[in-house]
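Here are the chains, one letter per residue:
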Amino acid sequence: NLNWVIEVSENLTGDFIEEMRRVRPGCFFLFEGFERQKELLALAGNTECAVYAAEIRGYITDALTDGNKISNLSTYLRSLERVPSEMKENLVNLGPEHDAFHYEDVWAKLSYQDKNIMYFLYTFLPGYSLIFNGEIYGAQYDYKNELNRTAKAPVLVDSDPAIRDVRRRIFSFPMVYK
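Model, not experiment: these values are computed from the prediction. (Residues numbered from 1 in each chain as written. Predicted model: local features only at pLDDT ≥ 70, side-chain atom pairs only at ≥ 80, totals over all residues. Heavy atoms only, no water.)

Time to look at the nonpolar core. Ranked by internal contacts, the top residues of the largest apolar core, which has 23 residues, are Phe 29, Phe 31 and Ile 56. Of all elements in the fold, only strand E1 (29-31), helix H2 (37-43), strand E2 (49-53), helix H3 (55-65), helix H4 (70-79) and helix H6 (112-122) reach the threshold of two or more residues within this core. Of all hydrophobic cores here, the second largest spans five residues; its members include Ala 50, Tyr 52, Ala 54 and Val 92. (Core = buried A, V, L, I, M, F, W, Y, C linked by side-chain atoms within 4.5 Å. Buried < 20%, exposed > 50% of the residue type's maximum accessible area, 1.4 Å probe, protein only. Helix = DSSP H or I, 4+ residues; strand = E, 2+ residues; numbered from the N terminus.)

Below, the discussion takes up the packing of H3 against H6. At their nearest, the axes of H3 and H6 sit 10 Å apart, and the two run at 135° to each other. By the angle between their axes, H3 is oblique relative to H6. When you trace H3 past H6, the crossing you get is right-handed. Only Asp 114, Ile 117, Met 118, Leu 121 and Tyr 122 of H6 make contact with H3, whose side of the interface consists of Ile 56, Arg 57, Ile 60, Thr 61 and Leu 64. By residue class, the composition of the contact of H3 with H6 is seven nonpolar, one polar and two charged. (Axes fitted to C-alpha atoms, helices over the stretch in contact; angles between N-to-C directions. Parallel < 35°, antiparallel > 145°, perpendicular 65-115°, else oblique. Left-handed = near helix turned anticlockwise from the far one by under 90°. Contact = heavy atoms within 4.5 Å. Nonpolar A, V, L, I, M, F, W, Y, C, P; charged D, E, K, R; others polar.)

Enumeration over the complete set of coordinates arrives at five aromatic pairs. Between Phe 29 and Phe 31, the aromatic rings sit 6.2 Å apart at their centres with planes inclined by 15°, giving stacked as the arrangement. According to the relative accessible area criterion, Phe 29 is buried, its value standing at 5%. Residue classification places Phe 31 among the buried positions, given a relative accessible area of 0%. (Phe/Tyr/Trp six-rings, centres within 6.5 Å; stacked < 30°, edge-to-face > 60°.)

So, in structure tokens, the structure goes:
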């Protein structure tokens, strides 16, 4: 997570990237710079890197929860046509579970069906998708130093097989059709 300063004479992010590329030339950088996507990608030479693109999650959530906001989603999708390909292909579309339950965000409260629609729409967007399993999140897992208070992570065999199958199909869709 490199979200350090960009425009300073002693640029820590640039120094870190340079040193890591010297030590491990093929290392991949995932930036969390929501307003500074272009600059962060440029620091890594637009190669072996990506940056969070949280905007789409908000637009899809708004369209799913308020039909009057579908035009905002449409406008954003059209704006992607003008984004340079080196930027577009290095965006990471965040799933509704990412950083959500801790902050009571609207996308955290999407229904199962709405989350599936979001996941499906992501298959048509450029870049990557960062989707969690939809099971592990929230304050009940936040007791890092008090393991006895931390809820155990769900076990795959305990999850609903129908939900697993639907999500497997959604997430394998791009591998089959792209």
